[in-house]
Amino acid sequence: MSIDILMPALSPTMEEGTLAKWHVAVGDTVKAGDVIAEIETDKATMEVEAVDEGVIEALLVPAGTEGVKVNTLIAQLAGGASSNPPPKGEGDREAVEGASAARPPSPASPGLPPKGEDFTVVAAEGASPVLADPDLPEGTVFIKQTVRDALRDAMAEEMRRDDGVFLMGEEVAQYQGAYKVSRELLQEFGARRVIDTPITEHGFAGLGVGAAMAGLKPIVEFMTWNFAMQAIDQIINSAAKTLYMSGGQIRASIVFRGPNGAASRVGAQHSQDYSSWYAHVPGLKVVAPYDAADAKGLLKAAIRDPNPVVFLEHEMLYGTEFDVPQIDDFVVPIGKAKIRRAGTHVTITAHSRMVGLALKAAEVLAADGIEAEVIDLRTLRPLDHATILASVRKTNRLVTAEEGWGSMGVGAEIIARVVEHAFDDLDAPPMRVCQEDVPLPYAANLEALSLPTVDKIVQAVRAVCYVS
Amino acid sequence: MARARKIASPGPMTSSKGELLKFYRDMLLVRRFEERAGQLYGMGLIGGFCHLYIGQEAIAVGMQSIQLAGDQIITGYRDHGHMLAAGMDPREVMAELTGRAGGSSRGKGGSMHMFSTEAGFFGGHGIVGAQVSLGTGLALANQYKANGKVAFVYFGDGAANQGQVYESFNMASLWKLPVVYVVENNQYAMGTSIERSSSETHLYRRGVSFNIPGEEVDGMDVEAVREAGARAAAFARDGNGPYILEMKTYRYRGHSMSDPAKYRTKEEVDKVKKTRDPIDHLREVLETKGWADEAALKAFDAEVKAIVADAAEFARTSPEPDPAELYTDVYLEAAP
């Protein structure tokens, strides 16, 4: 009886990878623990081990094949009891570090990709047309780039421009970044400017702020914003408030950045959206880009900004490709929203990953004759409420979408402002789409129930349009 | 190689007559300034929290004497003495206490949040222990810029139990950052004595597991402070990494102005005042050496009294900040 060997997932968010190399040939006898293949993603390389004894019966995917989907049958083994070979894990800090955390494909959901359908939607959205940025000169050439590489390029360009800019955080240097966002920065800029820290968020956030007070321009990477709760005192009490408390004497030009929000199946402590937490605080600027162009242009603006900037990335978007303009020194101003899709019937606001869902919802709605205007907030503080108000005055209806909890959230703030300033323009009470009011569950079905979806946005829009 | 040693007595006398007289004058200024601040608080001119430095004067003054131009100072909220020792104008310190436009932060910081880029004084921080990470970051910037400067980071025996202190110790030692940690051990974290809060009460040993050398110093003896400070600063400035000085000291007043003083006896306080007072001690040293020129000391009294009276008057009469200041200094304009 044959044992199926499937393409394993290297991380919670991995969808596909390259089968780089076979270490065995048909007819070879292997035993449990033998390395039989190497697989790669843009983040990591990993060895695949056999978990059963037997003879290699067939190698179904040739070495060097790219884009092999997780759970694809890649080889068959004759003999022994049936099971799938999990990849070898390195026993790293947390499963969320996609680069190192190996996870076998879930046996409970054969044939399903290891992530929710929403991510597939977002990934597809990367290739779909959006409104052109009006600030770009005519004839601008675009290249396809992942959000990950766009962020990397932004840091590299700013580090070339200003010797005072440096990157510090866990695994940013030798490891090349837990999510490979800092790939090759160490090689170019050396250990003085790309600094591996111990696992000590509170401490290194404080060191970063102190260095900023002394005139440097630190980029402090949190492996995820979930870990930054250890450091939130330094971000708020030291970075955000000192300019004010010192009567303008002490500045802290610093960027805190890292992935924010829910990844996939990593549980409540690793899946939280901090948008409203930081957007609450005067003295901070808060940026949450969706596509690669904004990731690049806004990160460059954040690094140049003389104020502390909280830069919220999304792990689920790191590997997604978007068009990025080929312009020297492409900087996107902080504080300006972007209309991603023009519409007349309803306004949908979103930021970060939710923009992709909102655009998909707009497509679904368009098929029903509802034209939604999708506003990508891009910056949460300062919030571009002029763009939101102008849109609502046109559409008279509003749905907000965010990944965080609704209570005291970004949508709550937007709706409050719209009610304050454009109450008479509203034809229906606005609605919020957000995470359910519970810690994010681990179970796949409950997780999917908890998070905002395209369908939830569609239903909210129908409700505010009084369409059943 | 961790050296944690106890220095029982000061080393050989290295200060000149002029230096010792200056220390006397500067310590007297801090003492009288703080006494006046206490009065103004009682009169309702100073609000909120107000933590006085009385009893600990020898530390700020002694350490200041060994700093070089461009070195940085950062401390917690018991900061008035440090600011005066660093040369900040007593008027703007007192006016910040009263929350007036003439204050060093234009009235927007208050007692716990004062700064002077000119004096290299980076605050004035209200969160216990936060300044230790921030100060270590100042040292990181010094190393990054290779500017030869040292960061002097002050914290109390209470802050010594905060986790980020040890996160900072680890990185400072790992990266050999030019920082001197000065623990002002005044025996009480608010109302909790060090014996009741600390499993290791010898705070100079707290760097042992990070390979940071430490010394215990008589923080009531300005010469001892100066000598230990010089040794620590040289160690850090020469690229050897951080150094810990535990200054054994005592605060005469309450933790803040609203201290019930139930956690220690009046006798204990009186005994320290009588036997270990840093200003009396220095006066005795001057007398022993025949340097206590009565006329000179009297002149200091008069000078200090006048400075403090002037500062108090300024702090009382300086206007409150313009309401337009409410929304200034929240953000800096980004360069176009």
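Report on the accompanying structure. Please read all numbers here as calculations on a predicted model, not as lab measurements. (Residues numbered from 1 in each chain as written. Chains lettered and ligands numbered in written order. Predicted model: local features only at pLDDT ≥ 70, side-chain atom pairs only at ≥ 80, totals over all residues. Heavy atoms only, no water.)

### Examining the packing of aromatic side chains
The geometry of an aromatic ring pair is captured by two quantities: the separation of the ring centres and the angle between the planes.
Residues and elements named next belong to chain A.
Piece 1. The full count for this structure, using the stated rule, is 19 aromatic pairs over all chains.
Piece 2. One aromatic cluster is present, built from ring pairs that chain together Phe-204, Phe-222, Trp-225, Phe-256, Tyr-274, Trp-277 and Tyr-278.
Piece 3. Just above the ring of Tyr-442 sits the side chain of Arg-265; from NZ or CZ to the centre is 4.1 Å. (Phe/Tyr/Trp six-rings, centres within 6.5 Å; stacked < 30°, edge-to-face > 60°. Lys NZ or Arg CZ within 6 Å of the ring centre and 35° of its normal.)

### With respect to the sheet that holds strand E15 (residues 309–313) of chain A
Residue and element names in this part refer to chain A.
Piece 1. Read across the open sheet, the seven strands follow the order E11-E10-E12-E13-E15-E14-E20; overall the sheet is mixed. The sheet is open, and its two borders are formed by strand E11 (194–196) and strand E20 (379–381), each paired with just one other strand. Taken over all neighbouring pairs, the strand axes of this sheet differ in orientation by 20 degrees on average, direction set aside.
Piece 2. Summarising the sheet, strand E10 (residues 165–169) and strand E12 (residues 217–221) pair through five bridges and their orientation is parallel. In the sheet register, Met-168 faces E12, and the bridge partner there is Val-220.
Piece 3. Sitting on the sheet, helix H2 (residues 147–161) is in contact with E10, E11, E12, strand E13 (255–259) and E15, with an inclination near 135 degrees to E10. (Pairing = 2+ DSSP bridges. Helix = DSSP H or I, 4+ residues; strand = E, 2+ residues; numbered from the N terminus. Axes fitted to C-alpha atoms, helices over the stretch in contact; angles between N-to-C directions. Contact = heavy atoms within 4.5 Å.)

### Thoughts on the pattern of salt bridges
Piece 1. Enumeration according to the criterion identifies 53 salt bridges over all chains in this entry.
Piece 2. Linking A:Lys300 and A:Glu158 is a salt bridge whose minimum nitrogen-to-oxygen distance equals 2.8 Å. Of the two residues, A:Lys300 is situated in helix H8 (residues 292–304) and A:Glu158 in helix H2; the sequence distance between them amounts to 142 residues. The pair formed by A:Lys300 and A:Glu158 is uniform in burial state, with each residue classed as buried.
Piece 3. The salt bridge partner of B:Arg226 is B:Glu19, with a shortest N-O separation of 3.2 Å. One end of the pair, B:Arg226, is in helix H8 (residues 222–237); the other, B:Glu19, is in helix H1 (residues 17–42), with 207 residues separating them in the sequence.
Piece 4. Given the relative accessible area of 13%, B:Arg226 is considered buried.
Piece 5. The partly exposed category is assigned to B:Glu19, whose relative accessible area is 29%.
Piece 6. Within this structure, A:Glu157, A:Glu158, A:Arg161, A:Lys296, A:Lys300, A:Arg304 and A:Asp329 form a network of salt bridges that share partners. (Salt bridge = Lys/Arg side-chain N within 4 Å of Asp/Glu carboxyl O. Buried < 20%, exposed > 50% of the residue type's maximum accessible area, 1.4 Å probe, protein only.)

### Observations regarding the sheet that holds strand E2 (residues 16–22) of chain A
All names here are of chain A.
Piece 1. Pairing is antiparallel in the open sheet, where four strands are placed in the order E5-E4-E2-E7. If you trace the sheet from one side to the other, it starts and ends with strand E5 (45–49) and strand E7 (65–69), each paired once. The sheet shows a mean angle of 40 degrees between the axes of neighbouring strands, taken without regard to direction.
Piece 2. Sheet analysis places E2 next to E7, joined by three bridges and oriented antiparallel. Residue pairing in the sheet places Gly-17 in a bridge with Val-68 of E7.

### Quick word on the packing of H1(B) against helix H10 (residues 278–288) of chain B
Residues and elements named next belong to chain B.
Piece 1. In the contact formed by H1 and H10, the axes pass within 10 Å of each other and the chain directions differ by 155 degrees. Relative to H10, H1 is oriented roughly antiparallel. Judged by the sense of rotation from one axis to the other, the crossing of H1 with H10 is left-handed. Mapping the contact onto sequence places Leu-20, Leu-21, Phe-23, Tyr-24, Met-27, Leu-28 and Arg-31 in H1 and Pro-278, Ile-279, Leu-282, Arg-283, Val-285 and Leu-286 in H10.
Piece 2. A per-class count over the contact of H1 with H10 returns eleven nonpolar, no polar and two charged. (Parallel < 35°, antiparallel > 145°, perpendicular 65-115°, else oblique. Left-handed = near helix turned anticlockwise from the far one by under 90°. Nonpolar A, V, L, I, M, F, W, Y, C, P; charged D, E, K, R; others polar.)

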